[in-house]
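# A look at the structure
Given next are the chains, with one letter for each unit.
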2 protein chains.
Amino acid sequence: MINIAIDAMGGDFGEKPIIEGVLKALEAKPFNAILVGNSKILKPLIPKKLEQYIQYEEASEIFSMNENATDALKNKETTIYKAINLLKEKKVDAVVSAGHSGASMSLATLRLGRLKGISRPAIATLMPNIINKTLLLDVGANTDCKAENLFQFAIMGEVYARAIMQIQKPRLALLSNGEEECKGNELTKESHQLMKKIPNFIGNAEGRDIFNGEIDVLVCDGFDGNVILKACEGVATAIFQLLKNEVKQSFISKIGALLMKPSFKKLKKHTDWQEYGGAPLLGVNGCVIISHGKSDSRAIKNAIFQAINFSQSHINELIENELGKYNA
Amino acid sequence: MINIAIDAMGGDFGEKPIIEGVLKALEAKPFNAILVGNSKILKPLIPKKLEQYIQYEEASEIFSMNENATDALKNKETTIYKAINLLKEKKVDAVVSAGHSGASMSLATLRLGRLKGISRPAIATLMPNIINKTLLLDVGANTDCKAENLFQFAIMGEVYARAIMQIQKPRLALLSNGEEECKGNELTKESHQLMKKIPNFIGNAEGRDIFNGEIDVLVCDGFDGNVILKACEGVATAIFQLLKNEVKQSFISKIGALLMKPSFKKLKKHTDWQEYGGAPLLGVNGCVIISHGKSDSRAIKNAIFQAINFSQSHINELIENELGKYNA
């Protein structure tokens, strides 16, 4: 059976939603959950019937959200350090953490090492579009990239889309300020030339293309990925806030909103990141899923399923093989 | 009376919406409209009672949207060339064009020259937020920027917010991937240090802050500005498309949507760029408003009002004075 280490105490809301997520996942699919944290706190949260699937790895500290990611290596007693260590020692198949994402990324990169041919790992995230989902990467910590980094992100994203998202021929694009090959900044223009070698590369895409369902994998540097992710969350929040304000001012609109509630709910479900689980860290020698600090139990459950799929997919081998084709 | 040159034929939809916009503006406020284009086509569109406010500048060609902006200087018979030329010769106070924005920007920069202390002009645009509007710049053609460019954008944006948006103490921020000073890419970290000298600078802002009403002026390079602008449009379009799809599937939801129609309309009005007119080109020796190619008559009317405000504000002097303080 597959073994998943779960940083049981690293999220913004403590152990409760994380353990609830683990239990929900176990009810749907059997696996071995190795809970990393204080077992005295965790044990009472586990119902008897699921005890057989649970093991504990003691860790007395939590790496705080205020700490600097570069300090993650120093404290070997944190839940995230111990979780990554289990993976390094091959005692587990994957790690899920809703803790400090920078720390997870540093620890994974430094302790597990990078895949052959990868200069920098990337964090990939799924964005809802009007038809399905778009994989955007990097949304992580690579703020200043070179063209070869973006090329490697492209290969990793394309392989992930094939292996995990089950898309046979993923439409791969490069984020730019215009569709034409000549459009872009120096980084994207150079990256475009490298990415042209990838058969599934369809060219530059603009910001709006993230959502129109015409792209499966979109590549950008970590600065742009982060800024866009947050801007898009901001737009969605603002639209619903503005609509709420309007509705409040009219009784008839209030009735309307009530009648539309099921539609709003379905829309929310489609666009809710909690449904998507976590963000795979691609390019490290192991399988790490980085969950949002504010994850609820659903998000944790989905992140665990992602971790299971990821570790069963041999995606890291596929990435190395794919990159090997271009380096040969 | 103020003289506004209007590129009467440069938009995606030809002269109709542009002339309609001019007439709407004239009905609200008297000014002299110098229509640049083929007067034989334009004259029949002008009602007798408004003829006194209209003059014509003959221009036989339109700079096509498919042409390269750098070619804009070559053809001196285009509507945009002639419009900018009127401004250069001080025959008008401002120019409004919905034509090729790159061409407008190149022509304005090369023919009118840059303001003292400005290395690169920027295009600024208003984004709706949950309370009011945020000015975002650059959303233009400056894809690879240096810190000094972003500093100059900051000064221009801050002055514009004071002079045109009537905000006494505009909250000025720098777009980054985190609020902390240490967050960012090399460009933003260096820019942050320069912008610290500006009294109204409140620090880094994240993508979501564009919409939460806590920032008046947000500075970024033209690549990020363009990508964000389009991504945000994309989110808004996708949300309403998804909602429409959901509503279609339920009769009750359809009734709800009908009752909510006035609220949706108000939301649309608040978030509709046509209400905002055009984007001021800041940093050139003159007053140029760049309108969206798909502008309707409302957008053109609002762009004309913007041009009038701009040219009456002495904003270019203010920018030079403000920059002078830092260069002294």
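As named in UniProt, chain A is Phosphate acyltransferase, taken from Campylobacter jejuni subsp. jejuni serotype O:6. Recorded in UniProt for chain A, the comment headed Catalytic activity runs: "a fatty acyl-[ACP] + phosphate = an acyl phosphate + holo-[ACP]". The UniProt entry for chain A carries this comment under Pathway: "Lipid metabolism; phospholipid metabolism."

## Regarding the nonpolar core
Counting residues in each nonpolar core, the largest one holds 102 residues, and the members touching the most others are Val288 of chain A together with Val288 of chain B. Once you skip the residues sitting within four places of it in the chain, valine 288 of chain B turns out to touch Ile84, Leu87, Val95, Ala108, Leu112, Ala279, Pro280, Leu281 and Phe310 of chain B. Core analysis: the second largest hydrophobic core is formed by 63 residues, Ile6, Leu137, Val219 and Leu323 of chain A among them.

## Here we look at the interface of chain A and chain B
Contacts between chain A and chain B engage 49 residues on the former and 49 residues on the latter. Regarding the contact of chain A and chain B, the summed buried area is about 4500 Å², with carbon and sulfur atoms giving 71% of it. On the chain A side of the contact with chain B, Phe223, Lys230 and Met260 of chain A bury the most area, a combined 13% of that side's loss. We note a salt bridge from lysine 230 of chain B to glutamate 206 of chain A, for which the minimum N-O separation is 2.2 Å. Linking chain A with chain B are 10 residue pairs in polar contact (both at pLDDT 80 or more). The element best represented in the side of chain A that touches chain B is helix 7 (residues 222–248) of chain A, accounting for 20 residues. Looking at the side of chain A that touches chain B residue by residue, the classes come out as 24 nonpolar, 16 polar and 9 charged.

## Points about the sheet that holds strand 11 (residues 288–290) of chain B
Residues and elements named next belong to chain B. With mixed pairing, 11 strands are arranged side by side in an open sheet as 3-2-1-4-11-10-5-6-9-7-8. The two strands at the open ends of the sheet, each matched to only one other strand, are strand 3 (54–58) and strand 8 (201–205). Across this sheet, the average inter-strand angle for adjacent strands is 25 degrees, counted without regard to direction. Where strand 4 (residues 94–97) and strand 11 come together, 3 bridges link them in parallel fashion.

## Observations concerning the state of the cysteines
Tallied over the full model, the rule gives 0 disulfides over all chains. Left without a disulfide partner, cysteine 232 of chain A is nearest to the cysteine sulfur of cysteine 232 of chain B, which lies 5.4 Å away. Cysteine cysteine 220 of chain B is unpaired, with the sulfur of cysteine 145 of chain B as its nearest cysteine sulfur at 8.6 Å. The class for cysteine 220 of chain B is buried, based on a relative accessible area of 3%.

## Some remarks on helix 7 of chain A
Each α-helix turn comprises 3.6 residues. Residues three or four places apart therefore point the same way. Taking 1.5 Å per residue, 27 residues should reach 39 Å; helix 7 of chain A reaches 39 Å between its end C-alpha atoms and fits that length. Measuring from the backbone nitrogen of phenylalanine 223 of chain A back to the side-chain oxygen at the start of helix 7 of chain A gives 3.1 Å, which picks out aspartate 221 of chain A as the cap.

## What about the pairing of strand 6 (residues 133–137) of chain B?
Residues and elements named next belong to chain B. In terms of burial, strand 6 is a largely internal element, 4 of the 5 residues being buried. Examined bridge by bridge, strand 5 (residues 122–128) and strand 6 share 5 bridges and lie antiparallel to one another. Residue threonine 125 lies in a different strand from strand 6, and its bridge partner there is leucine 136. In textbook terms, the turn of a hairpin is the stretch between consecutive antiparallel strands, and for strand 5 and strand 6 this stretch comprises 4 residues. When strand 6 meets strand 9 (residues 217–219), the two strands line up parallel, connected through 3 bridges. For leucine 136, the partnering residue across the bridge sits in strand 9 and is leucine 218.

## Here's the deal with a positive patch on the surface
Among the surface-exposed residues, Lys244, Lys248, Lys254 and Lys268 of chain B lie close enough to one another that they form a single positively charged patch. Of note, lysine 248 of chain B is situated in helix 7 (residues 222–248).

## Re the packing of helix 7 of chain A against helix 7 of chain B
At a closest axis distance of 9 Å, the pairing of helix 7 of chain A and helix 7 of chain B adopts a crossing angle of 40 degrees. One element, helix 7 of chain A, and the other, helix 7 of chain B, form an angle in the oblique class. Every pair of crossing elements has a handedness; the one defined by helix 7 of chain A and helix 7 of chain B is right-handed. Side by side, helix 7 of chain A and helix 7 of chain B meet where Phe223, Asp224, Val227, Ile228, Ala231, Cys232, Val235, Ala236, Ile239 and Phe240 of chain A of the first sit next to Phe223, Asp224, Val227, Ile228, Ala231, Cys232, Val235, Ala236, Ile239 and Phe240 of chain B of the second. Across the contact of helix 7 of chain A with helix 7 of chain B, the residue classes break down as 18 nonpolar, no polar and 2 charged.

Definitions and limits used
- Residues numbered from 1 in each chain as written.
- Chains lettered and ligands numbered in written order.
- Predicted model: local features only at pLDDT ≥ 70, side-chain atom pairs only at ≥ 80, totals over all residues.
- Heavy atoms only, no water.
- UniProt positions renumbered as here; feature names shortened; annotations may be inferred.
- Core = buried A, V, L, I, M, F, W, Y, C linked by side-chain atoms within 4.5 Å.
- Buried < 20%, exposed > 50% of the residue type's maximum accessible area, 1.4 Å probe, protein only.
- Contact = heavy atoms within 4.5 Å.
- Buried area = accessible area lost by both parts, 1.4 Å probe.
- Salt bridge = Lys/Arg side-chain N within 4 Å of Asp/Glu carboxyl O.
- Polar contact = N/O pair within 3.5 Å; in protein donor to acceptor, adjacent residues only side chain to side chain.
- Helix = DSSP H or I, 4+ residues; strand = E, 2+ residues; numbered from the N terminus.
- Nonpolar A, V, L, I, M, F, W, Y, C, P; charged D, E, K, R; others polar.
- Pairing = 2+ DSSP bridges.
- Axes fitted to C-alpha atoms, helices over the stretch in contact; angles between N-to-C directions.
- Disulfide = S-S within 2.5 Å.
- Expected span 1.5 Å × (residues − 1).
- Patch = residues over 30% accessible without salt bridge, like charges linked within 9 Å, V, L, I, M, F, W, Y side chains within 5 Å.
- Areas by Shrake-Rupley, 256 points an atom, 1.4 Å probe, with all protein chains shown as cover.
- Lys, Arg positive; Asp, Glu negative; His and termini not counted.
- Charge placed at Lys NZ, Arg CZ, Asp CG, Glu CD.
- Parallel < 35°, antiparallel > 145°, perpendicular 65-115°, else oblique.
- Left-handed = near helix turned anticlockwise from the far one by under 90°.

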